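The residues making up each chain are set out below.
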There are 2 protein chains.
Amino acid sequence: MSVLVVGSVALDSVETPFGKAEDVLGGSGTFFSASASHLTPVQLVGVVGSDYPTHKLESLSARGVDLSGVERADGESFRWRGRYRHDLNSAETLETRLGVFSHFRPKIPEQFRSAPYVFLANIDPRLQLEVLRQVERPKLVACDTMNFWIESRRSDLLELLKHVDAILLNDGEARQLTEQSNLVRAARWILGQGPRIVIIKKGEHGAFMFTAHSVFFAPAYPLEDVFDPTGAGDSFAGGFMGYLARTGKLDEEHMRRAVVYGSAMGSFAVEKFSIDRLLELDHDMIRARLDEFRRLVAFQEELPA
Amino acid sequence: MSVLVVGSVALDSVETPFGKAEDVLGGSGTFFSASASHLTPVQLVGVVGSDYPTHKLESLSARGVDLSGVERADGESFRWRGRYRHDLNSAETLETRLGVFSHFRPKIPEQFRSAPYVFLANIDPRLQLEVLRQVERPKLVACDTMNFWIESRRSDLLELLKHVDAILLNDGEARQLTEQSNLVRAARWILGQGPRIVIIKKGEHGAFMFTAHSVFFAPAYPLEDVFDPTGAGDSFAGGFMGYLARTGKLDEEHMRRAVVYGSAMGSFAVEKFSIDRLLELDHDMIRARLDEFRRLVAFQEELPA
């Protein structure tokens with residue numbers, strides 16, 4: 001089954017201790033699509049400026065991403081420029097130019113409106129709500145958000161939470177949204193607002209999935225070289241939603257496995273700049289990493305004394 | 001089989017957001033013993049001052065901890081006073097009075113010298129080396145250390161690493177010791193110094209065990225209330241060594257399970273002040289938590305699509 005994603009399609013310029021990249025493909029919608037497309041057909045809705053090198057998006061359409069919802073508007077494309085220092089845990093934003101993204105009003109094409117799986121990437125919660133008004137009873141809706149919206153659009157975000165099945169956010173955002181420093185309490189608070197699945201991502205420290213009755217944890221893959229952390233969270237979301245859409249199942253076991261797919265795709269994304277590593281992957285490489293995740297946490301229930 | 005631990009026996013005064021405790025049982029040897037004694041007989045070597053309320057240690061001897069190696073010296077006992085703020089991740093030391101601990105020279109009683117499992121808790125690496133000169137070919141020797149020794153006794157610590165099978169240290173210490181920010185690289189560096197098992201504890205973010213051929217990860221148990229983090233690391237070590245000593249096996253599967261026992265015992269330790277929670281435990285409670293650890297990370301290898 002296909003997954004619809006509404007998010008940014010940007011040009012990133014990134015500096016890490018290992019190198020530099022200028023005006024490469026970026027944005028939450030882009031990373032999500034590159035990741036999820038390994039698992040299921042993807043429909044992308046976003047906006048680019050008249051300066052966007054749209055031929056570069058061909059790598060996505062070649063992977064089965066339907067770009068007919070990517071609008072081209074007059075003006076500059078969304079550009080982000082950031083730098084990572086040695087710890088690689090937090091980006092320092094050097095410049096954000098929203099360009100045409102600042103006036104983005106998502107219009108979901110007719111042929112996308114019945115998408116069974118919908119991911120509302122990190123955009124204004126008012127726009128996330130607008131998307132939900134345009135789609136027809138999806139089977140699963142998940143959203144992301146960020147500190148900026150938690151501060152400036154709190155009431156809209158709380159309204160959104162009433163209408164989504166799942167939210168994926170990082171630990172800092174969860175603490176900020178809930179004013180709870182303990183993540184178990186934070187997750188419980190969010191579950192009380194509407195979503196029945198709360199995924200709290202802790203970057204290199206892994207990710208928790210909380211439901212009313214269970215807690216699941218997947219570690220981050222212990223990489224020796226994290227090249228560029230940009231897009232890890234959106235790639236995680238792509239793996240999570242992509243796996244669920246592919247299987248069409250939403251029980252606990254499939255959701256746990258979806259979190260591991262998310263962790264695997266996030267771990268690939270950080271191995272190169274932009275979506276470069278995601279584009280190189282094949283089924284066997286993804287399966288091999290899943291296997292490594294299994295071995296990473298496997299221990300036997302009982303052993304002879 | 002029994003485990004010998006050489007470490008501090010202290011009096012702690014701790015303030016957390018949830019309460020205060022004055023002059024309660026503390027020290028690495030104490031936490032380790034309280035934890036490991038649930039799994040195997042423990043022999044404790046340490047020193048207390050003439051002011052130590054030794055009757056309080058009866059809770060340990062009642063649990064099968066042999067205290068005949070705890071020397072009583074003239075002078076004040078080791079006292080630590082610390083405070084945890086809301087995030088509970090790092091202790092603020094308000095006062096350290098080493099007292100008789102500053103002149104401690106561990107003397108391993110005759111009857112302890114053949115202990116098959118030896119844990120060198122966080123003391124001066126010169127003393128850790130002195131302990132090793134007094135014991136007879138243990139089956140497994142593990143050590144802990146801290147930032148202070150990494151700075152002030154680096155060459156002794158590197159010498160010690162040649163003679164231990166395992167080291168348990170936290171992520172900050174691993175980075176400081178190896179000057180590698182990446183933990184996989186840090187672990188590899190330490191493995192190159194001698195130990196064949198490197199356990200890097202990340203507090204609330206879980207623990208890694210690295211060997212030359214494998215990586216294992218155990219999450220920290222997601223507690224809703226962390227009451228007092230003091231002693232979590234030593235309780236982890238107690239669970240790890242205690243499980244190995246109980247089973248007498250050192251293969252990969254037993255070591256993985258030992259790390260989970262360590263995580264479980266660490267998660268109990270932080271639920272109350274001092275060793276109070278560790279003293280309340282019984283076999284069923286420990287087994288139940290092991291089971292929760294298993295469920296926390298369990299996912300099926302393959303599912304029907």
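Residues numbered from 1 in each chain as written. Chains lettered and ligands numbered in written order. Predicted model: local features only at pLDDT ≥ 70, side-chain atom pairs only at ≥ 80, totals over all residues.

Things to note about the overall build of chain A
When helices and strands are tallied, chain A shows eleven helices and 13 strands. Against the 2.2 N^0.38 benchmark of 19 Å for 305 residues, chain A shows a C-alpha radius of gyration of 18 Å, consistent with a compact globule. Once the C-alpha set of chain A is aligned to its principal axes, its extents read approximately 70 × 40 × 35 Å. Across the 305 residues of chain A, 52% fall into the buried class. Counting only contacts in chain A whose residues sit at least 6 apart along the sequence, the fraction spanning at least 24 positions is 66%. (Helix = DSSP H or I, 4+ residues; strand = E, 2+ residues; numbered from the N terminus. Rg over C-alpha atoms; globule rule 2.2 N^0.38 Å. Buried ≥ 20, exposed ≤ 12 C-beta atoms within 10 Å, placed from the backbone. Contact = placed C-beta atoms within 7 Å.)

Here we look at the relation of the copies chain A and chain B
Both copies of the chain are related by one operation, a rotation about an axis with a shift along it. For the pair chain A and chain B, the best superposition has an RMSD of 0.0 Å and corresponds to a rotation of 180 degrees with a translation of 0.0 Å parallel to the axis. Interpreted geometrically, this transformation is the action of a two-fold axis. Relative to the rotation axis, the closest C-alpha in chain A is found at H205(A), a distance of 2.9 Å. When you check the interface residues of chain A against chain B, 100% turn up at the interface there too, and the contact is symmetric in its surfaces. (Least-squares fit on C-alpha atoms with pLDDT ≥ 70 in both.)

With respect to helix α5 (residues 154-161) of chain B
All names here are of chain B. Among the residues making up α5, those that are buried are L157, L160 and L161. For α5, the angular spread of the buried residues around the axis is 100 degrees, confining them to a single face. Lining the buried residues of α5 we find α3 (125-134), β9 (140-143), α4 (147-152) and β10 (166-170). (Arc of directions from axis to C-beta.)

A short note on the sheet that holds β9(B)
All names here are of chain B. Spatial ordering of the open sheet is given by β5-β4-β1-β8-β9-β10-β11-β12-β13, a layout of nine strands whose pairing is mixed. A strand with exactly one partner marks an edge of an open sheet, and here the two such strands are β5 (65-73) and β13 (215-218). If you compare each strand with its neighbour and ignore which way they point, the axes differ by 15 degrees on average. Summarising the sheet, β9 and β10 pair through two bridges and their orientation is parallel. Bridge pairing in β10 links C143 to I167. Packed on one face of the sheet, helix α8 (residues 232-247) meets β1 (3-6), β8 (117-120), β9, β10, β11 (197-201) and β12 (207-210) and runs near 170 degrees to β8. (Pairing = 2+ DSSP bridges. Axes fitted to C-alpha atoms, helices over the stretch in contact; angles between N-to-C directions.)

Observations regarding the interface of chain A and chain B
Counting from both sides, the interface comprises 33 residues of chain A and, opposite them, 33 residues of chain B. Counting only elements with at least two residues in the side of chain A that touches chain B, the list comes to α7 (183-191), β13 (215-218), α8 (232-247), α9 (252-269) and α11 (283-297) of chain A. Top element by residues in the side of chain A that touches chain B is α9(A). It accounts for five residues. Its residues assigned to classes, the side of chain A that touches chain B shows 15 nonpolar, eight polar and ten charged. (Nonpolar A, V, L, I, M, F, W, Y, C, P; charged D, E, K, R; others polar.)

Concerning the environment of S13(B)
Residues and elements named next belong to chain B. With respect to the secondary-structure elements, S13 resides in strand β2 (residues 10-16). Residues S13 and L127 lie 114 residues apart in sequence; the distance between their C-alpha atoms is 26 Å. Those residues within four positions of S13 in sequence are excluded, and the remaining contacts are A21, E22, D23 and R81.

Some points on unusual backbone geometry
Residue and element names in this part refer to chain A. One non-glycine residue, R137, lies in the positive phi region at around 40 degrees. One can find R137 in the loop between α3 (125-134) and β9 (140-143). A residue is classified by how many C-beta atoms lie within 10 Å of it, and R137, with 8 of them, is exposed. One non-glycine residue with positive phi stands out, namely E179, at about 55 degrees. Take E179: there are 9 C-beta atoms within 10 Å of it, and that puts it in the exposed class.

A word on the sheet that holds strand β6 (residues 79-84) of chain B
All names here are of chain B. Read from one edge to the other, the open sheet built from four strands follows the order β3-β2-β6-β7, with strand pairing classed as mixed. Strands at the two margins of the open sheet, each flanked by one partner only, are β3 (19-26) and β7 (91-97). Here the strands of the sheet are splayed against their neighbours by 15 degrees on average, with no regard to which way each runs. In terms of strand pairing, β6 meets β7 through six bridges, oriented antiparallel. Of the residues in β7, the one forming a bridge with W80 is T96.

Quick notes on the environment of S8(A)
All names here are of chain A. Position of S8 among the secondary structure elements: in the loop between β1 (3-6) and β2 (10-16). Taking the number of C-beta atoms within 10 Å as the measure of exposure, S8 has 24 and is therefore buried. Placed 23 residues apart in sequence, S8 and F31 show a C-alpha to C-alpha distance of 9.4 Å. Discounting residues that sit within four places of it in the chain, S8 has contacts with G27, S28, G29, G46, F78, F101, A121 and I123.

Focus on the packing of α8(A) against α9(A)
Residue and element names in this part refer to chain A. Running from N to C, α8 and α9 point in directions that differ by 140 degrees, and their axes come no closer than 7 Å. Comparing the axis directions of α8 and α9 gives the class oblique. In the packing of α8 onto α9, the handedness of the crossing is right-handed. In this structure, α8 uses A232, G233, S235, F236, A237, G238, G239, F240, G242, Y243, L244 and T247 to contact α9, whose residues at the interface are H254, R257, A258, V259, Y261, G262, S263, A264, M265, G266 and A269. Broken down by class, the residue content of the contact of α8 with α9 amounts to twelve nonpolar, ten polar and one charged. (Parallel < 35°, antiparallel > 145°, perpendicular 65-115°, else oblique. Left-handed = near helix turned anticlockwise from the far one by under 90°.)

Remarks on the packing of helix α6 (residues 171-178) of chain A against α7(A)
All names here are of chain A. Their axes nearest at 9 Å, the elements α6 and α7 cross at an angle of 60 degrees. Seen along the crossing, α6 lies across α7 with a hand that is left-handed. In this structure, α6 contributes D171, A174, R175, L177 and T178 to the contact, and α7 contributes L183, A186, W189 and I190. Among the residues making up the contact of α6 with α7, the classes are represented as six nonpolar, one polar and two charged.

A short note on the pairing of strand β4 (residues 42-48) of chain A
Residues and elements named next belong to chain A. Within β4, seven of the seven residues are buried, leaving the element largely enclosed by the surrounding structure. Residues V42, L44, G46 and V48 point to one face of β4 and Q43, V45 and V47 to the other, with burial holding for every one of them. Note: β1 against β4, four bridges, orientation parallel. Residue V3 lies in a different strand from β4, and its bridge partner there is V42.

Details of the confidence of the model for chain A
Regions with low pLDDT carry predicted coordinates that are not meant to be interpreted in detail. With 99% of its residues at a pLDDT of 70 or more, chain A has an overall mean of 95. The ipTM assigned to the predicted complex is 0.91, against a pTM of 0.94. (pLDDT = per-residue confidence, 0-100.)

Focus: the environment of V5(A)
Residues and elements named next belong to chain A. Residue position: V5 is located in strand β1. Separated by 136 residues in sequence, V5 and V141 have C-alpha atoms that sit 10.0 Å apart. In this structure, V5 is in contact with G29, F32, S33, V42, L44, F119 and A121, ignoring residues within four places of it in sequence.

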